[in-house]
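Structural overview for review
Below, each chain spelled out in residue letters.
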Amino acid sequence: MKILSWNCRGMGSKYIISYLREIWHKHRPAFLFLSETKQCFNFVQNFQFHFGYKYLHTVDPNGRSGGLALYHSHDSPVTILYSSNRVIDIETSYKGKHIFISFVYGEPVQGLRDYVWERLTRIDITRVEPWFVIGDLNEITGNHEKDGGAIRHASTFLQFNNMIANCGLLEFPSKGNTLSWSGKRQGQTVRCRLDRALR
């Protein structure tokens, strides 16, 4: 089963749509999760049938910020267990096994991220079957996952690392450049590993 997660930073530009078509044709994922769509349901729905997806679940943005879209044509039934502007949690099966997947768009404001970690920890309490977490979590486990910018104090990573440890989550092996986000902070280029898949 292929899952593709991408923080598209808005679906409104021709470049984004062109790139989305390119990666979809290359991978044809069973699940396509987009964060920061910055678009309402009607706009996001326009691409559902273009890519051949039977189902679509969205969370509208707050003004021009945020917005989530989960497209899927998975062979097994999919049940949405929880949905917010940060997490879409689903239940389904794969090769006869009952599984759960939480698609996550982490809180951009550092001081509010603990609410997302608390939600994931509460979700974990109910889980016995395999559980996967994927998305732009908007956080790093330490300064080794960033390049450029100010060095953060170790205490600022504590809650995120505690959530991963308390939930018993492990990183999926990754290939290529893991520093998936780049931006400017005080005129300096900063790159971070914000996207990850855990199980």
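Here is a short report on the structure shown in this document. These figures come from a predicted structure and were not determined experimentally.

Moving on: the pattern of salt bridges. The final tally for this structure, using the stated rule, is eleven salt bridges. The salt bridge partner of R127 is D89, with a shortest N-O separation of 2.7 Å. Taken together, the residues span a long stretch of sequence, with R127 in the loop between α3 (113-125) and β8 (131-136) and D89 in strand β6 (residues 87-94) at a distance of 38 residues. A single burial state applies to R127 and to D89, both of which are buried. Here R196 and E171 are joined by a salt bridge, their closest N and O atoms 2.2 Å apart. Of this pair, R196 sits in strand β12 (residues 195-198) while E171 sits in the loop between α4 (158-166) and β10 (181-185), and the two are 25 residues apart along the sequence. Each of E145, E171, R193 and R196 takes part in salt bridges that share partners, so that together they form one network.

Within a sheet, adjacent strands bond to each other through the backbone by hydrogen bonds, running parallel or antiparallel. Strand order in the open sheet formed by three strands is β9-β11-β10, and the pairing between neighbours is antiparallel. If you trace the sheet from one side to the other, it starts and ends with β9 (146-147) and β10, each paired once.

Turning next to the environment of L179. Position of L179 among the secondary structure elements: in the loop between α4 and β10. As a C-alpha pair, L179 and C167 span twelve residues in sequence and 24 Å in three-dimensional space. Excluding residues within four positions of it along the chain, L179 makes contact with E145, K146, D147, R191, C192 and R193.

Basis of the calculations
Residues numbered from 1 in each chain as written. Predicted model: local features only at pLDDT ≥ 70, side-chain atom pairs only at ≥ 80, totals over all residues. Heavy atoms only, no water. Salt bridge = Lys/Arg side-chain N within 4 Å of Asp/Glu carboxyl O. Helix = DSSP H or I, 4+ residues; strand = E, 2+ residues; numbered from the N terminus. Buried < 20%, exposed > 50% of the residue type's maximum accessible area, 1.4 Å probe, protein only. Pairing = 2+ DSSP bridges. Contact = heavy atoms within 4.5 Å.

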